[in-house]
Amino acid sequence: MVKYYRTDDRKIHEERTIQDGVWVQMVNPSVAEGQMIADRLGIDIEDLLAALDEEESSRIELEDGYTLILVDIPSIEIRHEKESYTTIPLGIILTADEIITVCTEDTPVLQAFLNNRVREFSTKKKLRFVYQILYRIAVIYQSDLRIIDKMRTEIEERVGDDTEEVDLIALHELESTLVYFATSLRANGVVLDRLTRYKRLEQYPEDKELLDDVIVENKQAIEMTGIYRDIINGTRELLSSVIDNRMNSIMKSLTVITLIMAIPTVVSGLYGMNVSSKWVPLANAAHGFGIICGITIIICILILLLLRKKKIL
């Protein structure tokens, strides 16, 4: 899908054709659509559609007539029938008169611009537009990180009798997500560092201040990712300990039950031997069976009291 937008009097509206100061938004475009835009604006088709490859890394490339900026943005995917966070590439291409964004999905990063929720937004001020996009990316990273921390908190609140192995798997997925976020944020940081030395397009003083804000927000997101990874790692170790302790308690209970049940088993085994009754105590007594059962029960009770005294039970 390819759409054209332009701002006039601080309001964005859709255009039918490409013209000066237009924003070309490409959402999961086909090869034919990509070829059309590439031929029209003189852009290499591979650079134009680079963001459609999920393995593309963040970078900035200066080409003849245009500049390619690739960054990673957060996205939601369905993993194990649940919503999980991941990162996908977003391509930004600057030409002399236009700005092109390319992504595999209609991301919330750009929805804010389409809904006129970004102040001082203009498609004609291309470099400021780029910095505003990068600022939105850093803010959304931070927002998603807070959601991930809330998910961890919900799991941590269930620590105890309600702890299950599924919680360990959920924590592992959250930790994997933070690894993706950390890798993408560091790569984006390299792009931001290169943009501080970008001289191809004119930068206004307020643009440089905005870029500084973007760098600060990106660094803050990196720090949040590191902190949340450490907390999740501690929570995962806590859950593992709780589950191990629960298993140890179950094994201890089973051991005690086995020990108690062994006493009647041994007694019944001895009295079940095929030997002369004169050598078996109480074999000929009138209430021999009841006496033997009573003695067996008393021994079991004494062992239970001894185990409780030793705090084994």
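Residues numbered from 1 in each chain as written. Predicted model: local features only at pLDDT ≥ 70, side-chain atom pairs only at ≥ 80, totals over all residues. Heavy atoms only, no water.

J.: Kindly report on the pattern of salt bridges, identifying the contributing residues and their values.
T.: If you walk through the whole model with that rule in mind, you get five salt bridges. Between Lys-124 and Asp-8 there is a salt bridge whose closest N-O contact spans 3.2 Å. Within this pair, whereas Lys-124 is found in the loop between helix H3 (108-114) and helix H4 (126-157), its partner Asp-8 is found in strand S1 (residues 2-8), the two being separated by 116 residues in sequence. With a relative accessible area of 37%, Lys-124 lands in the partly exposed category. Notably, a salt bridge pairs Glu-61 with Arg-59, separated by 2.6 Å at the nearest N-O pair. On the basis of relative accessible area, Glu-61 is assigned to the partly exposed category, the value being 23%. When salt bridges with common partners are traced through the structure, they connect Arg-6, Asp-8 and Lys-124 into a single cluster. (Salt bridge = Lys/Arg side-chain N within 4 Å of Asp/Glu carboxyl O. Helix = DSSP H or I, 4+ residues; strand = E, 2+ residues; numbered from the N terminus. Buried < 20%, exposed > 50% of the residue type's maximum accessible area, 1.4 Å probe, protein only.)

J.: Tell me about the environment of Gly-34, and please be specific about residues and values.
T.: Note that Gly-34 resides in helix H1 (residues 31-41). Overall, the relative accessible area of 0% leaves Gly-34 in the buried class. Sequence-wise, Gly-34 and Leu-48 are 14 residues apart; in three dimensions their C-alpha atoms are separated by 6.9 Å. Apart from the residues within four sequence positions on either side, Gly-34 is in contact with Met-26, Ile-45, Leu-48 and Leu-49. (Contact = heavy atoms within 4.5 Å.)

J.: Account for the side chain of Thr-95, with residues named and values stated.
T.: Position of Thr-95 among the secondary structure elements: in the loop between strand S6 (82-94) and strand S7 (99-103). For Thr-95, the side chain forms a polar contact with the side chain of Glu-98, separated by 2.6 Å. (Polar contact = N/O pair within 3.5 Å; in protein donor to acceptor, adjacent residues only side chain to side chain.)

J.: Please provide a residue-by-residue account of the sheet that holds strand S5 (residues 66-79), values included.
T.: Across the sheet, seven strands lie side by side as S2-S1-S3-S7-S6-S5-S4; this open sheet has mixed pairing. With one partner strand each, in any of the chains shown, strand S2 (11-15) and strand S4 (59-63) form the two edges of the open sheet. Within the sheet, the average angular offset between the axes of one strand and its neighbour, ignoring direction, is 25 degrees. Two elements, S1 and S2, share five bridges in a ladder whose sense is antiparallel. Across the sheet, residue Asp-8 finds its bridge partner in S2, namely Lys-11. Against the sheet, helix H5 (residues 165-195) contacts S4, S5 and S6, and its axis sits at roughly 170 degrees relative to S5. (Pairing = 2+ DSSP bridges. Axes fitted to C-alpha atoms, helices over the stretch in contact; angles between N-to-C directions.)

J.: Please give an account of the side chain of Glu-175 that cites residues and values.
T.: By the element assignment, Glu-175 lies in helix H5. A relative accessible area of 16% means that Glu-175 is categorised as buried. Apart from residues no more than four positions distant in its own chain, Glu-175 is found in contact with Ile-232, Asn-233 and Arg-236.

J.: An account of the nonpolar core is requested, with residue identities and associated values reported.
T.: Judged by nonpolar contacts, the single largest core of 53 residues is most densely connected at Trp-23, Ile-69, Leu-90, Ile-133, Leu-134, Ile-137 and Leu-195. At the level of secondary structure, the elements contributing two or more residues to this core comprise S5, S6, S7, H3, H4, H5 and helix H6 (205-271). If one sorts the elements of this core by residue count, H4 sits on top with twelve residues. When near neighbours in sequence (up to four residues on either side) are disregarded, Ile-69 contacts Arg-59, Ile-60, Leu-90, Gly-91, Ile-92, Leu-94, Val-130, Val-191 and Leu-195. In terms of nonpolar packing, the next biggest core, distinct from the first, is built from 20 residues, Val-24, Met-26, Ala-50 and Leu-70 among them. (Core = buried A, V, L, I, M, F, W, Y, C linked by side-chain atoms within 4.5 Å.)

J.: Outline the confidence of the model for the protein chain, supporting the account with residue identities and numerical values.
T.: Averaged over all residues, the pLDDT of the protein chain equals 83, while 94% of them reach at least 70. Looking across the protein chain, the model is least confident in S2, with a mean pLDDT of 81, and most confident in S7, with 90. (pLDDT = per-residue confidence, 0-100.)

J.: Hey, could you go over unusual backbone geometry for me, with residue numbers and the actual values?
T.: A positive phi angle, close to 45 degrees, is found at Asn-28, a residue other than glycine. Mapped onto the elements, Asn-28 comes out in the loop between strand S3 (23-27) and H1. A relative accessible area of 48% places Asn-28 in the partly exposed class.

J.: Go over the packing of H4 against H5 with me, naming the residues and quoting the values.
T.: Axis separation between H4 and H5 bottoms out at 11 Å; the angle between their running directions is 160 degrees. By the angle between their axes, H4 is roughly antiparallel relative to H5. Remark: the crossing between H4 and H5 carries left-handed chirality. The segment H4 lies against H5, with Tyr-131, Leu-134, Ile-137, Tyr-141, Asp-144, Leu-145, Ile-148, Met-151, Arg-152 and Ile-155 engaging Asp-167, Ala-170, Leu-171, Leu-174, Thr-177, Leu-178, Phe-181, Ser-184, Leu-185, Asn-188, Leu-192 and Leu-195. In the contact of H4 with H5, the residues fall into 16 nonpolar, three polar and three charged. (Parallel < 35°, antiparallel > 145°, perpendicular 65-115°, else oblique. Left-handed = near helix turned anticlockwise from the far one by under 90°. Nonpolar A, V, L, I, M, F, W, Y, C, P; charged D, E, K, R; others polar.)

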